[in-house]
Amino acid sequence: MAVLFETWSPTYERRTVSVQEAVQAYRELPVNTSAAFSWNDCEEECLIVGVEPEFSTVTMGRDRSFWNLRISEDDEPVEIRLGADDHMWPRGCVLPRDMGLELLLKVDEFDSLFHEYSWAEG
């Protein structure tokens, strides 16, 4: 399985790595680095993990929809920066920084993630 690994620190870099290499890169990210890990990029079923200094986000592509991992029902939009872009994101979908790693470690169990975690259609 391949993962697209992108960083903004401060310039943009992109490469394809194995899941194991992606997990190691996530663990070793400098605290001031923005990164994205995309499994099955551009396919109908995909997992995208955004990592910022203070938080992470996880988006799943499934059944022709996108779903954001959430840890609370708080839908209030908050402005966040992912990589080089600003986004409005539901507060309950802004995750602890290491939570994205938890899902990246389980990407080979993709089908069970939708039932194991709480998701908000996004």
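Up top you'll find the structure we're talking about.
Residues numbered from 1 in each chain as written. Predicted model: local features only at pLDDT ≥ 70, side-chain atom pairs only at ≥ 80, totals over all residues. Heavy atoms only, no water.

Taken in spatial order, the seven strands make up an open sheet running 2-1-3-4-5-6-9, and their pairing is antiparallel. Looking at which strands have only one partner, the edges of the open sheet turn out to be strand 2 (12–18) and strand 9 (119–121). Neighbouring strand axes in the sheet, compared pairwise and without regard to direction, differ in orientation by 20° on average. Sheet topology note: the strand 1 (residues 2–8)/strand 2 ladder contains seven bridges and is antiparallel. Residue pairing across strands places Glu 6 opposite Arg 14, the latter belonging to strand 2. Its contacts with the sheet put helix 1 (residues 19–27) on strand 1, strand 2, strand 3 (34–39), strand 4 (46–51) and strand 5 (56–62), and the angle it makes with strand 2 is roughly 130°. (Pairing = 2+ DSSP bridges. Helix = DSSP H or I, 4+ residues; strand = E, 2+ residues; numbered from the N terminus. Axes fitted to C-alpha atoms, helices over the stretch in contact; angles between N-to-C directions. Contact = heavy atoms within 4.5 Å.)

Let's shift gears to the environment of Ala 84. Mapped onto the elements, Ala 84 comes out in the loop between strand 7 (77–82) and strand 8 (85–90). The exposure class assigned to Ala 84 is partly exposed, which follows from its relative accessible area of 46%. Each C-alpha atom of the pair Ala 84 and Tyr 12 lies 8.8 Å from the other, and the pair is 72 residues apart in sequence. (Buried < 20%, exposed > 50% of the residue type's maximum accessible area, 1.4 Å probe, protein only.)

In this section: the side chain of Thr 57. Following the sequence through the fold, Thr 57 ends up in strand 5. Apart from the residues within four sequence positions on either side, Thr 57 is in contact with Ile 48, Val 49, Gly 50, Ile 80, Leu 82, Trp 89, Cys 93 and Leu 95.

Among the seven residues that make up strand 5, seven are buried, leaving the element largely enclosed by the rest of the structure. On strand 5, burial covers both faces: Ser 56, Val 58, Met 60 and Arg 62 on one face and Thr 57, Thr 59 and Gly 61 on the other are all buried. The hairpin turn running from strand 4 into strand 5, its antiparallel successor, is four residues long. Here four bridges tie strand 5 to strand 6 (residues 65–69), and the two strands are oriented antiparallel to one another. Each bridged residue has a counterpart across the sheet, and for Arg 62 the counterpart in strand 6 is Ser 65. What sits between the antiparallel neighbours strand 5 and strand 6 is a turn of two residues, in which Asp 63 has the positive phi angle 50°.

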